[in-house]
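# Observations on the three-dimensional arrangement
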Amino acid sequence: MIGSAARPAAPDSDTPGSGKTDLCTESVPAPDTAVGRVDPGGSAINADELRATKRRHASGWLGRYIGLVIAGIAISGALVLWFVASARSPSGRQSLRSRAVFAGWHVIYDNRVPALTVVLGAVGLGAIFAAAAALVERVVLDRSRRSTDAARKLLAPKLVMAETRGVFGGPVTVTVLIPAHNEAASIGSTLDSLRAQQPAPNRIIVVADNCTDTTESVARAHGAEVFVTQGNTHKKAGALNQALRRLLDGLGDNDVVMCMDADTVLDDGFLAAGVRRFTNDRALMAIGGLFYGEKGHGLLGQLQRNEYIRYSREIRRRRGRVFVLTGTASMFRARALRSVAASRGDLLPGIHGDVYDTVALTEDNELTLAIKSLGGLMASPDRCRVVTELMPTWRNLWTQRLRWQRGALENLGAYGPAPTMLRYWAQQLGIGYSVIALASFWLLMIITPLATGQWVWFPFWLTLGSLFVIDRVVSAWSGGWKARLLAALLIPELLYDVYLDVIYVKGIFDITFARNATWGHVAHAAPPAHETDRPQQQEIAGALQ
């Protein structure tokens, strides 16, 4: 087992990784009340925040109309494909045929297939786009790894390896920060999962943010330190910024900060795998967890679990090359967080000195882009798995995904078409095109029987559809029989995708017309008095099996 020094440390001890700072006994000046201008209402305005706001406005039309740009490119591509396909497809009226099956039941079908050039063109075009995306990603990654631009690529592996060669920064230690707003019902299970890790983290600090329940007392009862935010109005990002201001200065290059949600349970080997990777690779700046959904919540819960299973499967197939350092549980080398904070307002969007950009709706995605922009290397090892909260209602899901989607678009607008962003542009274009494709599918499914006056089977498209169903089942296979059955039924997942597509369009509409974004918080019911936290942890962790 690697990391002999990664033992639980007393909350006030002065051990490696503790940063020699007691977050519980010193308050942090609230950034919202910093010295600066005063608005007509008398509230203080931070001068850095004003500059950050001006920077966002200075991004010009791209920041405002990024959604329309993505939609326009996707629609243009779809129209080009439609014109090409219609020009090469055979014309003429349908040649319907009928066959008697099952004792006289007649099946009407049309056995025509698209032109061979159209089929080959579609397959070739898809292969070209996939190869181009992979090639661009590889070129960008290689350039970041080999960069010697110390002014802009502060975290480039080549620079980091050169600076740390022959220098021992001590054993890798882990300090866990858990931002919590009224999480008394779930924080106990989260803390128990951390204490059960081998090795256990050196410090566990619950960042209690505007809590009105017993989150603080529950956290202390489970052996965690508690840091109470002061005057924070910037949600999770603001709470973490306050804690990190006091913590980072005392951490060395081999000290790791792990930020995780208060409703997340770690797999048993998470920290061991993370510490091992950081120990073996001095250039690695961050590790993101592969997240899986908790049990329960009926059909909606299973739909979300299938979605998360497929995402984690994709990351494993990419050999851990991560898209997003998820907020459910991610580990950061202290050097990376300090570099991001120092680059805000100059190389990166945001306020100088802040690790997290408080303007971003999706602070985790934005921090991923920030570290990548500075050349940082990151990964999502297969052993780093977490079970996270699912949205219990369609309304909760709407609020969550609308924030995710709009935040992703806003991040694209803030960073622009930089080389490190090309993969994310391609991802959003892919989502935009899938919205058009799925809408066209449902439209044709409705128009075809109305146009023919009867139900017609198309063997060619049925064959392609069967292959699609098989792929859906295989990709959700690790989720168990419920996941496989839901994937095999297909229609529920397609309707779920339609729901997400509507949210995507709504996100484009909202960002274009500068509508205010909303945050959502799922209220957790308090656990029954006769239940302990450990059985809850074991039940949730069963989702990883």
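Structural data are supplied above this passage.
Residues numbered from 1 in each chain as written. Predicted model: local features only at pLDDT ≥ 70, side-chain atom pairs only at ≥ 80, totals over all residues. Heavy atoms only, no water.

### Thoughts on the overall build of the protein chain
Short version of the rule: Numbering of helices and strands starts at the N terminus; helices are DSSP runs of H or I of at least 4 residues and strands are runs of E of at least 2. Burial classification: accessible surface area is computed with a 1.4 Å probe over protein chains only, and a residue below 20% of its type maximum counts as buried, one above 50% as exposed, and the rest as partly exposed. The contact criterion used is simple: two residues touch if any of their non-hydrogen atoms lie within 4.5 Å. The Shrake-Rupley method, run with a 1.4 Å probe sphere, supplies the accessible areas, and residue values consider only the shown protein chains as cover.
A tally of helices and strands in the protein chain yields 17 helices and 14 strands. Per-residue burial over the protein chain gives 46% buried out of 545 residues. Partitioning the contacts of the protein chain with sequence separation of at least 6, the portion at a separation of at least 24 is 76%. Here the protein chain displays about 26500 Å² of accessible surface, and carbon together with sulfur accounts for 61% of that area.

### Quick word on the side chain of Gln428
Relative to the elements of secondary structure, Gln428 occurs in helix H13 (residues 422-452). On the accessibility criterion, Gln428 (5% relative accessible area) is buried. Sequence-distant contacts of Gln428, that is, excluding residues within four places in its chain, are made with Ile70, Gln405, Ala408, Leu409, Leu412 and Tyr504.

### Description of the packing of aromatic side chains
Note the threshold: Stacked, tilted and edge-to-face are the three classes assigned to paired rings of Phe, Tyr and Trp, where Trp is represented by its six-membered ring and a pair needs centres within 6.5 Å; plane angles under 30 degrees give stacked, over 60 edge-to-face, the rest tilted.
Taken as a whole and judged by the stated rule, the model has eight aromatic pairs. Between Phe291 and Tyr308 the ring centres are 4.9 Å apart and the planes differ by 80°, which places this aromatic pair in the edge-to-face class. One end of the pair, Phe291, is in strand E11 (residues 290-293); the other, Tyr308, is in helix H9 (residues 298-317), and 17 residues separate them in sequence. Take Phe291 and Tyr308: they sit in the same class, and that class is buried. An angle of 85° between the planes, with centres 4.9 Å apart, marks the rings of Phe460 and Trp461 as edge-to-face.

### Re the environment of Ala74
Structurally, Ala74 is set in helix H2 (residues 61-88). It is 5.8 Å that separates the C-alpha atoms of Ala74 and Leu429, two residues lying 355 residues apart in sequence.

### Points about the sheet that holds E11
Going by this rule: In this analysis, strands are considered paired if DSSP registers two or more bridges between them. Comment: axis = line fitted to C-alpha atoms, over the contacting stretch for helices; angle = value between 0 and 180 degrees taken between N-to-C directions.
The strand order E9-E14-E11 describes an open sheet built from three strands, whose pairing is mixed. A strand with exactly one partner marks an edge of an open sheet, and here the two such strands are strand E9 (265-266) and E11. Strand contacts of H9: E11 and strand E14 (385-388), with the helix running at about 160° to E11, the strand carrying the most contacts.

### Structural notes on the sheet that holds strand E7 (residues 225-228)
Overall, mixed pairing links the seven strands, which are arranged E7-E6-E5-E8-E12-E10-E13 in an open sheet. Each having just a single partner strand, E7 and strand E13 (377-379) make up the two edges of the open sheet. Each strand of the sheet is rotated relative to its neighbour by a mean of 20°, with strand direction disregarded. Helix H10 (residues 334-343) rests against strand E8 (255-260), strand E10 (284-288) and strand E12 (329-333) of the sheet, and its axis sits at about 85° to E12.

### Some words on the packing of H9 against helix H16 (residues 491-512)
What counts here: Orientation labels follow simple angle bins: below 35 degrees gives roughly parallel, above 145 gives roughly antiparallel, 65 to 115 gives roughly perpendicular, and whatever is left gives oblique. Side-chain classes are defined by residue name, with Ala, Val, Leu, Ile, Met, Phe, Trp, Tyr, Cys and Pro counting as nonpolar, Asp, Glu, Lys and Arg as charged, and the others, Gly among them, as polar.
One can describe the packing of H9 onto H16 by two numbers: an axis separation of 11 Å at closest approach and a directional angle of 80°. Overall, the two elements H9 and H16 adopt an arrangement that is roughly perpendicular. Contacts between H9 and H16 involve Leu300, Leu303, Gln304, Asn306, Glu307 and Arg310 on the former and, on the latter, Pro492, Glu493, Tyr496 and Leu500. Taken together, the residues that form the contact of H9 with H16 break down as five nonpolar, two polar and three charged.

### Considerations on the pairing of E14
Across two bridges, the pairing between E9 and E14 is antiparallel. Across the sheet, Leu266 pairs through a bridge with Val386, a residue of E14. Pairing of E11 with E14, which is carried by four bridges, proceeds in the parallel orientation. Its bridge partner lying in E14, Leu290 is registered against Arg385.

### Quick look at unusual backbone geometry
With the exception of glycine, most residues fall at negative phi, and the peptide bonds are largely trans. Cis rather than trans, the peptide bond between Gln198 and Pro199 has omega equal to 5°. Along the chain, Pro199 falls in the loop between helix H5 (187-195) and strand E6 (203-208). One non-glycine residue, Asn210, lies in positive phi territory at about 55°. Relative to the assigned elements, Asn210 resides in the loop between E6 and helix H6 (215-221). You will see that Lys235, though not glycine, has its phi angle at about 55°, which is positive. Note on placement: Lys235 falls in helix H7 (residues 235-247).

### As for H5
Counting along an α-helix, one turn takes 3.6 residues, and residues three or four places apart therefore face a common direction. Of all nine residues in H5, eight are buried; the element is thus mostly enclosed. Turning to H5, its buried residues are Ile187, Gly188, Ser189, Thr190, Leu191, Asp192, Ser193 and Leu194.

### As for a nonpolar patch on the surface
Going by this rule: Note on patches: the residues involved have over 30% relative accessible area and no salt bridge, like charges join within 9 Å, and the nonpolar side chains Val, Leu, Ile, Met, Phe, Trp and Tyr join within 5 Å. Salt bridge, as used here, is a side-chain nitrogen of Lys or Arg placed within 4 Å of a carboxyl oxygen of Asp or Glu.
A surface patch of nonpolar side chains, amounting to about 710 Å² of accessible area, comprises Phe441, Met445, Ile446, Leu450, Trp455, Trp457 and Leu462. A per-element tally of the nonpolar patch places H13 first, with four residues.

### Regarding the nonpolar core
Applicable threshold: Only buried Ala, Val, Leu, Ile, Met, Phe, Trp, Tyr and Cys residues count toward a nonpolar core, and they belong to the same one when joined by side-chain atoms within 4.5 Å.
Membership of the largest hydrophobic core comes to 48 residues, with the highest contact counts inside it found for Leu177, Leu244, Val257, Phe332, Tyr356 and Ile371. Here this core gets six residues from one element, more than from any other, and that element is H7. With near-sequence residues (within four places) excluded, Leu177 lies in contact with Ile205, Val207, Leu240, Ala243, Leu244, Leu247, Val257, Met258, Cys259 and Met260. Residues Leu191, Phe291, Phe323 and Met331 belong to the second largest nonpolar core, which totals 45 residues.

### Quick notes on helix H4 (residues 157-164)
The condition is simple: When we speak of the arc, we mean the arc of directions from the helix axis to the C-beta atoms.
Inspection of H4 places Pro157, Leu159, Val160 and Thr164 among the buried residues, and these make up the whole buried set. Viewed end-on, H4 has its buried residues packed into an arc of 165°, placing them on one side of the element. Positive phi appears at Gly166, one or two residues downstream of H4, with a value of about 80°.

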